[in-house]
Structures are given as C-alpha cells and as structure tokens.
Amino acid sequence: MASGKLFIVSTPIGNLSDITFRAVETLKNASVIACEDTRNTKILCEKYGIKTPLESCHKFSESRKCEFFLDFLKNGEDVALVSDAGTPLISDPGVKLVDEARLAGYNVVPIVGASAILALLASIPRQNEDFKFIGFLPRRKSQIENLVNANKTENLVFYESPNRLIETLSTISKMETQRKIAIGRELTKKFEEIKVDTVENLLEYYSSHVLKGEIACMLYALEENSGKDNELCSKIFTLKGLKLSDKDIVSVVNSLYGAPKNEIKEILLQNKNS
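Just so it is clear, the structure is predicted and the values come from calculations on it, not from any experiment.

What counts and what doesn't
- All residue numbers refer to positions counted from 1 along the written sequence of the respective chain.
- In keeping with the model being predicted, local features are shown solely for residues with a pLDDT of at least 70 and side-chain atom pairs are shown and tallied solely at 80 or more, while totals for entire chains, interfaces and linings include all residues.
- To obtain the side-chain values, all non-hydrogen atoms of the structure were used and water was disregarded.
- Secondary structure elements follow DSSP: runs of H or I of four or more residues count as helices, runs of E of two or more count as strands, with numbering from the N terminus.
- Summary of the burial criterion: residues with accessible area below 20% of their type's maximum are buried, those above 50% are exposed, and those between are partly exposed, where the area comes from a 1.4 Å probe applied to protein chains only.
- In this analysis, two residues are considered to be in contact whenever any of their non-hydrogen atoms come within 4.5 Å of each other.
- Computed with the Shrake-Rupley method and a 1.4 Å probe, the accessible areas treat only the protein chains shown as cover for residues.
- Asp and Glu count as negative and Lys and Arg as positive, but His and the ends of the chain are not part of the count.
- Note that the charge is assigned to NZ on lysines, CZ on arginines, CG on aspartates and CD on glutamates.
- For two strands to count as paired, DSSP must find a minimum of two bridges between them.
- Fitted lines through C-alpha atoms give the axes, limited to the stretch in contact for helices. The angle between two N-to-C directions lies from 0 to 180 degrees.
- The arc under discussion is defined with respect to the helix axis, by the directions toward the C-beta atoms.
- Centre distance within 6.5 Å is the pairing criterion for rings of Phe, Tyr and Trp, where only the six-membered ring of Trp is used; planes under 30 degrees apart are then read as stacked, over 60 as edge-to-face, and the remainder as tilted.
- Salt bridge, as used here: a side-chain nitrogen of Lys or Arg that lies within 4 Å of a carboxyl oxygen of Asp or Glu.

**Regarding the overall build of the protein**
Per the secondary structure count, the protein includes 11 helices and 10 strands. Expressed as lengths along the three principal axes of its C-alpha atoms, the size of the protein is roughly 80 × 35 × 30 Å. Relative to its 274 residues, the protein shows a buried fraction of 44%. In the protein, 68% of the contacts between residues at least 6 apart in sequence involve partners at least 24 apart. A total of about 14800 Å² of accessible surface is found on the protein, and carbon and sulfur atoms cover 49% of it. Distance from the positive charge centre (36 side chains) to the negative charge centre (37 side chains) of the protein: 3 Å.

Structure, rendered in structure tokens:
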C-alpha cells in the first residue's frame, strides 16, 4: 500500500474567500484534518462543504497526537494540517508533526495561501527586500529592548496581540522616538487598517483607538542618515499638527531647512497613505 502524504494547508487569515481551489480540494480529499482548534476549522469547512473529520492538534496536544496522525499515513491515507488562520508552522503549532512525518519517510506537501506577514509586507513602502521575521515579541520589557538594540539595521517583522501593542510601542518609543513602524490590524477583514508612521505617533494614535484582532508589524531599520530623516519628519509632523496645508509645509520646510521639496512631498504622501 502506498504511503499517505501530510499536506500543510494555508487557510484564510480573516476573509473566508481567501482560500485556493487547491486548498479546498485537498481538505475534501484528506482522510482527516489536524486542526489547531476544531471550532474555527468547522466554520471554514461548513462554508465550502468539506465533510472530512476534524481532529485537534494544538501546542498542548501535538506531541501525544503525532502517532495518531502517523497511523493514517502508514495506512496510505492523507492528512491535512491547518492552523486557525494563515500558514501552519509560522508562529503556529505543527513543527513536531512535520518533523515526525519526515523522519518516518512520509512526503510533506505545502499548499500555499494566505499569510498575515506577506499581506503586510505587500502593502507598505520598503527600501529593499530584506526583513527579519521574529514571530511574537518576548513579553519582558528588557527582552524587547535587547532585541531592538541588537537589530537596529534590520527591518524587524513580528506579530503582536492587541492587549500588548500599547506597551510594546511605549517600550520602543522610549528607545527610538522617531523610528518608523508599519502596523497591520484586522488584515483582509471588514475593518482592516494599515498604518505607517513613527513609533511615537502610532503610540499616540492607538492610545485613543479601540484595538481588536491580530496584529502584524514591521519596525523599520535605522539607516545611516536616519537621524537627519527623523529630524525632518519631526518638523513636518509638527507643522501638520498646526493644520498647515501640504503646500505650505513644503514651502516652509524647504525655505527654513533646505530640505528637497520632493523629499518633503514623499514624507507627506507616505503619512497620508498610512
């Protein structure tokens, strides 16, 4: 009897329409679906008429459930692994099952699809393609400070919870007041919001706005001329606070500080699009 395959299936991160035909077909044809939470996966299955049995496989049960799923593969039956949202194993459980399947000689097949990190990166301005994904930030303030200090020249990409975002922004703001950050919230959902601004400005913004849903962030790298750029941004944002028009801001900043008009306009445009 031929061995079964372990399919790593990406599911929507919010909008249930963001799933591929191949993913739906794979979930329908598998003998069992290993789920982070069967209640969440059941909603997706009901929408697409998927009747495959569901079995939980979360971070607390993964180790003891591996043999259960390997038995399916041994009997020539396919197993589909999904997380609550997005691509499994990216800050989600599944590593143990994949390791065990590979060690046992079974094929592991990725079924690509949605990812909150890719959705954010595709929606924000970046100077280059480089970034460093670090999953969820550590909880302790000192650990966050050490991480940020050790990666000043990296575009740091990470997840954060709505309950911790204010505290995280506050910690980083005390270190790098004018460092830029991109924050994507409720990505692909009805109230999707993507903001790009300084850490200080977004700390002020989110301190007075309700925070819900999972959050993806990119803390921009500090460049060699970042001190000059941050100073220019600070002057521009100060004038914005005085309710000056963009045209007047360009004229004033150019006249007083000699900054190129195109550079001022670009900063204004990025702020307007954020």
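**A word on the sheet that holds strand β4 (residues 79-81)**
Spatially, the five strands line up as an open sheet ordered β3-β2-β4-β1-β5, and their pairing is parallel. Taken across any chain shown, the strands that pair with only one partner, and hence form the sheet edges, are β3 (54-56) and β5 (108-111). In this sheet, adjacent strand axes meet at a mean angle of 25° when their direction is disregarded. One ladder, built from three bridges, connects strand β2 (residues 32-35) with β4; its direction is parallel.

**Side note on helix α2 (residues 38-48)**
Working note: α-helix, 3.6 residues per turn, so residues spaced by three or four point in the same direction. Residues of α2 that are buried include every one of T41, L44 and C45, and no others. Projected down its long axis, α2 shows its buried positions confined to an angular sector of 100°, all on one face. Turned more than 90 degrees away from the buried face of α2, the exposed residues are R39 and E46. Summarising the contacts, the buried residues of α2 are in contact with α1 (21-29), β2 and β3. Backbone geometry just downstream of α2 places G49 in the positive-phi region, at approximately 65°.

**Regarding the packing of aromatic side chains**
Applying the stated rule across the entire model yields five aromatic pairs. On the basis of an interplanar angle of 85° and a centroid distance of 5.6 Å, the ring pair of F133 and Y159 is categorised as edge-to-face. Taken together, the positions of F133 in strand β6 (residues 132-136) and Y159 in strand β7 (residues 156-160) put the pair 26 residues apart, joining distant regions of the chain. Overall, F133 belongs to the partly exposed group, its relative accessible area being 32%. Ring plane angle 80° and centroid distance 4.8 Å describe the contact between Y205 and Y206, whose orientation is recorded as edge-to-face.

**Describing the pattern of salt bridges**
What the rule picks out here adds up to eight salt bridges. Notably, a salt bridge pairs D37 with R39, separated by 2.8 Å at the nearest N-O pair. With relative accessibility at 18%, the residue D37 sits in the buried group. The class of R39 is exposed, set by a relative accessible area of 63%. One salt bridge connects E100 with K96, and the closest N-O pair in it is separated by 3.1 Å. Residue E100 and its partner K96 are located together in helix α4 (residues 95-103), separated by four residues, close to a single helical turn. Given a relative accessible area of 26%, E100 falls into the partly exposed group.

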